[in-house]
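Each chain is listed here by its residues.
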Amino acid sequence: AVVSTQSTGVTQLSSDKFRLGKSTGTATKAKATGYFRGNKVVTYRLRVWSLVDGYVQSDPSVSFKTMKLAMNACSKKKDCTGVNYISDTKYKITEGSKFIKKQGAKCWILGGKHIPSFTYDSTIWYYYEDYKTAGEVPKTPAYTERDTALSACVRNPLCKSVHFKGGKWYQRKGSSPADAIGQKAWLLGKTTLDLSGMTLVYHYLHWTPLAGVQYGTAMPGQDGFKSIAEATRQCMATAGCTAVQHDETKKKISLRTGTAKKSYSKTRLTSYIKRFPCGNGDCTGQRKGKVVTVDLKHCYKIRSMEVYNQQKCCSKSGGNVVVKVDKTTCNTVYMGGKTATVKFNCASGTKGKKITLTFNDTGDINIQGVFLVFKAHPNCKK
């Protein structure tokens, strides 16, 4: 290891022992690490590079036209110790442990590993310059602003990173950066956002992804699926299936039954839990004054409804009922105490997370349930 003997450096002798340099020059000592005080620090190729003015490192070798090309080569070379500046179009990687004083010279010393990070939208992001990530996230656009792409990524259960190339930002499923000069990647870290209501839509149903969670128990013989889409389709057709489990480490997708939940960290595991309108598919209304509200829990396009009322004989109360899905009027229908059921279509494009039925008179109205013809929708804001 290179050891600093200058007063402008620090030498680490062991895990908890450091000393200042006592004289000029450098020396080599086993199991020691030298840290030189530079004018500034550059982070590139996941390494820290200290800039030292007025010195070059010994034993220069291959030349490169730019600093980054030289640093890229140095970071991959086992014996490289840094980069010397020769001119604006010439940089040399070095393998020496000595520093030579030279007027107008400068060099960058190869330091320890470091991944730059920052916080945006209550989320930690790890920045990789001149790297890319793979795996296109389906049905996502190219973004013209980085921050918009980051915010969209953290709210998409499939997105693990953002990739920049050709002036645009893209959501990616991959989390393993690969070399790509001129491109950039941001890996998703921990977030403090409440994403408990986040779902994916497969075959017109919502599915809640839970990373690092094992859900229910395995269904025998139901573990040979090639994709989440194929598995969720089969889960919908299989009695007792409550979730789909994807073990990315073992590359295995299987069906699950039951609702027991437990944390799992032995492999990269994600459970996709099947959801229905109102959570369990049992939609009943909550009455407050003349308004009955049905909480669908997630976003749905509603094609038609059938509302069930507990019929009471001989009632004279009744009137029009305005039915809305979020702020969109689905329909206006007549309903009274003697009405057992009323079935109606919704206006085209009706979607939302909440149904409200506003009555003229609710004297003996007692909504027992709501039957829906629906399609799950990924986002009610669009």
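The model shown is predicted, which means the values in this text are computed figures rather than measured ones.

**Considerations on the nonpolar core**
Ranked by size, the top nonpolar core spans 28 residues in total, and within it Val-162, Trp-186, Val-244 and Leu-255 carry the most contacts. Elements with a minimum of two residues in this core: β13 (123-132), α2 (146-154), β14 (161-165), β17 (200-202), β18 (205-211), α3 (228-237), β20 (241-247) and β21 (252-263). Take this core: its biggest share by element is 4 residues, from α2. Here Trp-186 is in contact with Phe-118, Trp-125, Tyr-126, Tyr-127, Arg-146, Leu-150, Lys-160, Ser-161, Val-162, Phe-164 and Trp-169, once residues within four sequence places are set aside.

**Considering the state of the cysteines**
Counted under the stated rule, the structure contains 6 disulfides. Sulfur-sulfur distance for the disulfide between Cys-153 and Cys-159 comes to 2.1 Å. Measuring the twist about the S-S bond at about -100 degrees, one finds the Cys-153-Cys-159 disulfide to be left-handed. Taken individually, Cys-153 and Cys-159 each receive the classification buried, so the pair is uniform in this respect. Put simply, Cys-235 and Cys-241 are joined by a disulfide, and their sulfur atoms are 2.1 Å apart. With the S-S bond torsion at -105 degrees, the cross-link from Cys-235 to Cys-241 turns out left-handed.

**Things to note about the pattern of salt bridges**
Counted under the stated rule, the structure contains 9 salt bridges. For the salt bridge of Asp-147 with Arg-146, the shortest nitrogen-to-oxygen distance reads 2.8 Å. For Arg-146, a relative accessible area of 28% puts it in the partly exposed group. Between Asp-295 and Lys-297 there is a salt bridge, and its shortest N-O distance comes to 3.5 Å. The class of Asp-295 is partly exposed, set by a relative accessible area of 42%. By relative accessible area, which is 46% here, Lys-297 ends up partly exposed. Three or more residues are tied together by salt bridges with common partners; here these are Arg-45, Lys-76 and Asp-179.

**Quick look at the pairing of β13**
The buried fraction of β13 amounts to 7 of the 10 residues, a majority that puts the element mostly inside the structure. As judged from the 4 bridges shared by strand β12 (residues 117-120) and β13, these two strands associate in the antiparallel manner. Bridged to Thr-119 within β13 is Ile-124. Two elements, β13 and strand β16 (residues 178-191), share 8 bridges in a ladder whose sense is antiparallel. Among the inter-strand pairings, Thr-123 is bridged to a residue of β16, identified as Thr-191.

**Let's talk about the side chain of Thr-350**
Its place among the elements puts Thr-350 in the loop between β27 (341-345) and β28 (351-359). By relative accessible area, which is 1% here, Thr-350 ends up buried. A polar contact of 2.6 Å, which involves the side chain of Thr-350, links it to the backbone oxygen of Ala-347. The residues contacting Thr-350, other than those within four sequence positions of it, are Tyr-300, Lys-301, Ile-302, Val-325, Thr-328, Thr-329 and Cys-330.

**Some thoughts on the sheet that holds β14**
Strand order across the open sheet formed by 5 strands is β12-β13-β16-β14-β15, with antiparallel pairing between neighbours. Of all strands in the sheet, those bounded by a partner on one side alone are β12 and β15 (168-172). With direction set aside, neighbouring strand axes in the sheet form an average angle of 30 degrees. Inspection of the sheet shows β14 paired to β16 by 4 bridges, in the antiparallel sense. The partner of Phe-164 across the bridge, within β16, is Lys-184.

**Description of α3**
Of all the residues in α3, the buried ones are Ile-228, Ala-231, Thr-232 and Cys-235. For α3, the arc enclosing every buried residue in end-on projection is 100 degrees, short of the 170-degree limit, so these residues lie on one face. Facing away from the buried side of α3 by over 90 degrees, the exposed positions are Arg-233 and Ala-237. On its buried side, α3 packs onto β17, β18, β20, β21 and β22 (269-275).

**Here we look at the sheet that holds strand β11 (residues 99-113)**
The sheet built from 6 strands is open, its strands ordered β6-β7-β11-β9-β10-β8 with antiparallel pairing. Looking at which strands have only one partner, the edges of the open sheet turn out to be β6 (40-44) and β8 (60-64). The average angle at which neighbouring strand axes cross in this sheet is 30 degrees, direction not considered.

Conventions we followed
- Throughout this document, residue positions are counted from 1 along each chain, in the order its sequence is written.
- In keeping with the model being predicted, local features are shown solely for residues with a pLDDT of at least 70 and side-chain atom pairs are shown and tallied solely at 80 or more, while totals for entire chains, interfaces and linings include all residues.
- The basis for every side-chain value is the complete set of non-hydrogen atoms in the structure, without hydrogens or water.
- Buried Ala, Val, Leu, Ile, Met, Phe, Trp, Tyr and Cys residues form a nonpolar core when they are joined through side-chain atoms within 4.5 Å.
- Only protein chains enter the accessibility calculation, which uses a 1.4 Å probe; a residue whose area is less than 20% of its type maximum is buried, one above 50% is exposed, and one in between is partly exposed.
- Note on conventions: DSSP H or I runs of at least 4 residues are helices, E runs of at least 2 residues are strands, and numbering of each starts at the N terminus.
- Note on contacts: a residue pair is in contact if any heavy atoms of the two residues lie within 4.5 Å.
- Pairs of cysteine sulfur atoms within 2.5 Å are identified as disulfides in what follows.
- Salt bridge, as used here: a side-chain nitrogen of Lys or Arg that lies within 4 Å of a carboxyl oxygen of Asp or Glu.
- By definition, two strands form a pair when at least two bridges between them are found by DSSP.
- Under this definition, polar contacts are N or O atom pairs within 3.5 Å; protein pairs additionally need one hydrogen-donor-capable and one acceptor-capable atom, and for neighbouring residues in sequence, both atoms have to be side-chain atoms.
- Here an angle of 0 to 180 degrees is reported between the N-to-C directions of two axes, which are lines fitted to C-alpha atoms, with helices fitted over the stretch in contact.
- Along the arc lie the directions from the helix axis toward the C-beta atoms.

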